[in-house]
There are 2 protein chains.
Amino acid sequence: MGITETLAGLVAGTRYGDFPPPVIHEAKRAILDSLGVALGACRHPTIDILLDLYAEMGGRGQATILGRGIRTNVPLAGLANGTMAHILDYDDTLLPSRLHPSTPLVPALLALGEERGARGPDLLTAFILGFEIEARLAEAMFPAHADRGWHGTGTLGALAVAGGAGKMLGASPEALGRAMAIAATQASGLIGVFGTMCKPLNLGKAAMHGLLSAALAARGFTGPPDILEARFGFCEVFAGGWRPEPITQGWGERWAIVDNGYKPYPCGVVIHPLIDALLQIRAAHGVRPDAVAEVAARVNPYALILTGKTEPQTGLEGKFSLYHAAAVSLIDGKVRPEQFTDARVRDPAAVDLRRRVRAEADPAVRQDEVRATVTLRDGRRLEAHVAHASGTRGNPLSDADLVAKFRDLVEPALGVERAEALRAAVWSLDANGGAGDLARLAAGHPQSS
Amino acid sequence: MGITETLAGLVAGTRYGDFPPPVIHEAKRAILDSLGVALGACRHPTIDILLDLYAEMGGRGQATILGRGIRTNVPLAGLANGTMAHILDYDDTLLPSRLHPSTPLVPALLALGEERGARGPDLLTAFILGFEIEARLAEAMFPAHADRGWHGTGTLGALAVAGGAGKMLGASPEALGRAMAIAATQASGLIGVFGTMCKPLNLGKAAMHGLLSAALAARGFTGPPDILEARFGFCEVFAGGWRPEPITQGWGERWAIVDNGYKPYPCGVVIHPLIDALLQIRAAHGVRPDAVAEVAARVNPYALILTGKTEPQTGLEGKFSLYHAAAVSLIDGKVRPEQFTDARVRDPAAVDLRRRVRAEADPAVRQDEVRATVTLRDGRRLEAHVAHASGTRGNPLSDADLVAKFRDLVEPALGVERAEALRAAVWSLDANGGAGDLARLAAGHPQSS
């Protein structure tokens, strides 16, 4: 039996009862965080543009567009909400691949689940399995996949959504294999579009492609049964030297979602350890920006590859500038969405300080690690070593931290009461309620509140 | 100025009056052929499945689904009709890349043009320019692009449609650049799905992605201005060692559409010279299948790479088996859709004869060329050299040939009168009428005629 067929069989054969309680709880944490980061961006111009196009296209009102008080058909809801969940660059992240598995999955499965009336355990099962597919494909295909220029959550995400949605639809192993094949031939997303609205679009399209794939497969649309391992199939074309073993080995022994990380800061995850370090130094020593002669950091090489913008011009570029993030960490003592506005990125004091930040790539430094030194004009050297950035597996955010982040993002969109009701609905997803309840609570109003 | 910006400026600056009459005529031939091969497949199960999904999704009735008597929104019409136009593997082909530029372009621009009320010259202009974009990208990126496993018409087609649709919408050079960027990050389509419904889906998705991209760009959706040449941009990620010169050099000196080829046989284009050769030998010598000891062919290497299936099991696989095509050429003396049914592929006489076909790859043989020898059991050797397969640039189908093919495909879908009216409307596209007229005539009825 081939890899694709084996994987499809494992997905089809896994039941809710197979997941231990910590896995269920982690899935609820991921859903809560994903809804929060989506709702925090529900009024972004990127979404306004999509909704203007939707008004022209029309479509049945099957699924809710988060925070906007309107409904559209399932694939377009997946597209809008999947895009929305990545706009703030605040979404959960799996290391070492830096994928954001929940970002296409939660919006896609919520849309399909709303239309199908999926109960909590069905939603959780589809989500945990979609997450598992994405994480295992990442282990098989990274780092080659990203090194070739692919936005992995866009590409792998389409197959993950196809698998999760297929699971929700009760697909046979054979239909799951076809769903993944149909998704594979639609998989897309270039790193070269980072810094524009196309970046979150990549993840919205992953949600849409995956939903379309599961819907087509359920109707008998044909695709090859061996898409992962086939000649000119998914793994070969998208990654070259891939390893088949991680895709199916040890299934059920542990679930990848327990490795999930949640961002305390709305910017590239590889900057997070440096932010932690500088906030620690600032808190301990009360550093004033004009007293800083230099900030020096030893970082993982990806921190420079992905977030090496020395002179960002917009808030969006600032999210991918470790220099800007370092500067505002020291100046503001916090790193929130307001630290990544266009104005904040162009602020003379921030510009001035970021030019005194030096970063050196060191392959021995992990992606969740940093060694930082702040040298003051008086000659003092303040040092910090962060072994595991906050929000990563080695230093996780508590449930309370996650809820605080969620409230911060969701209350402006839904109001305090609805935000609290949505939080409660997510936490009780294993006991009662389902996708429809989440969608109803997260719907919001056509006009902003 | 970068390559993308230069290309966008050239597209924006080209007007209908810049095309000499033979270019306009070739565009009409391509539109006629594309409508024909689409309508010939309008009742295929692939389309039934898509339309079943569309009924669930809903959408405004902006554009016609060819031959099915129903309308949907523009992107979904592009998806259905673009898929339809590739189902028979009978669509026009540009050598040496073997792209089918019209297949996503004609359905996409027809859908947009119907909604926008585009006149003939606007439709022709957008089409010729979209064709030009696709052909030039192919020249820049082939053969590396296909050798990496990409279904080039799916990937490059999305950018071509974005450019053509943007042109139809009157986009600025800047907006055309963004449209191509949005398309590039959606570009997809694996060779590994050939032989399934996913193959035509690739081209339908190119139509849909391109239409979505132009619509989003017109609304201000952002994308990088340099998507073709950017680090981790389209050309690098999809082709590695690409050449920028063909993308913009010599613009307007000649138009790629004059190199377009039209298929006389509904199967892989690289088999066509062999079919020509065997039909010639059969006609000249009256060969009986049971008299054949062996068929030997020296073919271009791609004939074996793309159509080397020795034991096809379905009609669809038969289209990519030079062995089957050779056998039915000699047995039936014609190669039409009925030579690629499941039954015909499994016919014992066809199976028996195809096992006596030997093909040898020879890089000195062009894709439109073959040297074939039929050895009879009585020892006679019958030889034929085809220098340019019928339907290719060196041996083009006449207008009368194209019209005969069109009628053969369209009359069962629309009836004789409508088919004739549609033919006349295409031929007069430069003088009167527009996209809406073509769509109305090609609409057909919800039930088959």
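Our subject is the structure listed above.
This report concerns the structure included in the present document. Because the structure is a prediction, the values reported are computed rather than measured. (Residues numbered from 1 in each chain as written. Chains lettered and ligands numbered in written order. Predicted model: local features only at pLDDT ≥ 70, side-chain atom pairs only at ≥ 80, totals over all residues.)

**A few points about the environment of Arg 381 of chain B**
All names here are of chain B.
1) Next: As for its position among the elements, Arg 381 is in strand E6 (residues 381-386).
2) Next: Looking at Arg 381, the number of C-beta atoms within 10 Å reads 11, which means it is exposed.
3) Next: Between the C-alpha atoms of Arg 381 and Val 295, which are 86 residues apart in sequence, the distance is 9.6 Å.
4) Next: With sequence-adjacent residues up to four places away left out, Arg 381 is seen in contact with Thr 373 and Thr 375. (Helix = DSSP H or I, 4+ residues; strand = E, 2+ residues; numbered from the N terminus. Buried ≥ 20, exposed ≤ 12 C-beta atoms within 10 Å, placed from the backbone. Contact = placed C-beta atoms within 7 Å.)

**Description of unusual backbone geometry**
1) Next: Cis geometry marks the peptide bond from Leu 95 of chain A to Pro 96 of chain A, where omega comes out at 10°.
2) Next: A cis amide bond links Phe 142 of chain B to the next residue, Pro 143 of chain B, at an omega of 0°.
3) Next: The topology assignment puts Pro 143 of chain B in the loop between helix H6 (120-141) and helix H7 (144-147).
4) Next: A positive phi is found at Asp 89 of chain A, a non-glycine position, where the angle reads about 50°.
5) Next: As for its position among the elements, Asp 89 of chain A is in the loop between helix H4 (74-87) and helix H5 (102-116).
6) Next: For Arg 98 of chain B, which is not glycine, the phi torsion reads 65° and is therefore positive.

**Remarks on the sheet that holds strand E4 (residues 357-361) of chain A**
Residues and elements named next belong to chain A.
1) Next: Taking strand neighbours across the sheet as the criterion, the 4 strands line up as E4-E3-E5-E6 in an open arrangement whose pairing is mixed. Since the sheet does not close on itself, it has two edges, and those belong to E4 and strand E6 (381-386), each with one partner. Pairs of neighbouring strands in the sheet enclose a mean axial angle of 15°, with direction left out of account.
2) Next: Bridge count between strand E3 (residues 292-299) and E4: 5 bridges; the pairing is parallel. Across the sheet, Arg 298 pairs through a bridge with Glu 360, a residue of E4.
3) Next: Sheet strands touched by helix H13 (residues 272-285): E3, strand E5 (370-376) and E6. Its angle to E6, the strand with the most contacts, is close to 135°.
4) Next: Contacts from helix H16 (residues 322-332) reach E3 and E4, with the element oriented near 130° to E4. (Pairing = 2+ DSSP bridges. Axes fitted to C-alpha atoms, helices over the stretch in contact; angles between N-to-C directions.)

**Concerning the nonpolar core**
1) Next: Leu 211 and Leu 274 of chain A together with Leu 211 and Leu 274 of chain B are the most contacted members of the largest nonpolar core, which has 343 residues in total.
2) Next: Excluding anything up to four places from it in sequence, Leu 211 of chain A contacts Val 74, Pro 75, Gly 78, Ala 108, Ala 111, Leu 112, Val 161 and Ala 165 of chain A. (Core = buried A, V, L, I, M, F, W, Y, C linked by C-beta atoms within 7 Å.)

**Looking at the sheet that holds E6 of chain B**
Residue and element names in this part refer to chain B.
1) Next: Across the sheet, which stays open at both edges, the 4 strands sit in the order E4-E3-E5-E6 with mixed pairing between neighbours. The open sheet has two edge strands, strand E4 (357-361) and E6, and neither has a second partner. Strand-to-strand twist across the sheet, computed as the mean angle between neighbouring axes with direction ignored, equals 15°.
2) Next: Pairing between strand E5 (residues 370-376) and E6: 6 bridges, direction antiparallel. Its bridge partner being in E6, Val 374 is matched across the sheet by Leu 382.
3) Next: Contacts from helix H13 (residues 272-285) reach strand E3 (292-299), E5 and E6, with the element oriented near 135° to E6.
4) Next: Helix H16 (residues 322-332) rests against E3 and E4 of the sheet, and its axis sits at about 130° to E4.

**Here's the deal with H5 of chain A**
Residues and elements named next belong to chain A.
1) Next: For H5, spanning 15 residues, the distance from its first C-alpha to its last is 20 Å, which sits close to the expected 21 Å at 1.5 Å a residue.
2) Next: Most of H5 is tucked away: 15 of the 15 residues are buried.
3) Next: One or two residues past the end of H5 sits Gly 117, with phi positive at roughly 70°. (Expected span 1.5 Å × (residues − 1).)

**Details of the environment of Gly 149 of chain B**
1) Next: Within the secondary structure layout, Gly 149 of chain B lies in the loop between H7 and helix H8 (152-168).
2) Next: Given 18 C-beta atoms within 10 Å, Gly 149 of chain B falls into the partly exposed group.
3) Next: With 175 residues separating them along the chain, Gly 149 of chain B and His 324 of chain B place their C-alpha atoms 24 Å apart.
4) Next: Discounting chain neighbours no more than four positions away, the residues touching Gly 149 of chain B are Phe 232, Glu 236 and Val 237 of chain A together with Leu 190, Ile 191 and Gly 192 of chain B.

**Section: the interface of chain B and chain A**
1) Next: Listed by partner, the interface residues are 46 residues for chain B and 46 residues for chain A.
2) Next: Broken down by secondary-structure element, the contributors of at least two residues to the side of chain B that touches chain A are helix H3 (45-57), helix H9 (173-184), helix H10 (198-218) and helix H11 (234-239) of chain B.
3) Next: The greatest single-element share of the side of chain B that touches chain A, amounting to 6 residues, is contributed by H10 of chain B.
4) Next: When grouped by side-chain class, the residues that make up the side of chain B that touches chain A number 24 nonpolar, 15 polar and 7 charged. (Nonpolar A, V, L, I, M, F, W, Y, C, P; charged D, E, K, R; others polar.)

**Considerations on helix H21 (residues 435-442) of chain A**
Residue and element names in this part refer to chain A.
1) Next: Among all positions in H21, only Ala 435, Leu 438, Ala 439, Leu 441 and Ala 442 are buried. Considered in projection along H21, the buried side chains sweep an arc of 165° and stay on one side of the axis.
2) Next: Looking at the buried residues of H21, the elements they touch are helix H2 (21-39), strand E1 (63-65), H5, helix H6 (120-141), helix H19 (399-414) and helix H20 (416-427).
3) Next: Of the residues one or two after H21, Gly 444 is the one with positive phi, at around 70°. (Arc of directions from axis to C-beta.)

**Regarding the packing of H2 of chain A against H4 of chain A**
All names here are of chain A.
1) Next: Between H2 and H4, the least distance of the axes is 7 Å, while the angle of their chain directions is 90°. Viewed along their axes, H2 and H4 adopt a mutual orientation that is roughly perpendicular. Along its contact with H2, which presents Ser 34, Val 37 and Ala 38, the element H4 presents Asn 81, Met 84 and Ala 85.
2) Next: The residue makeup of the contact of H2 with H4, split by class, is 4 nonpolar, 2 polar and no charged. (Parallel < 35°, antiparallel > 145°, perpendicular 65-115°, else oblique.)

Just distances and angles here, no functional claims.
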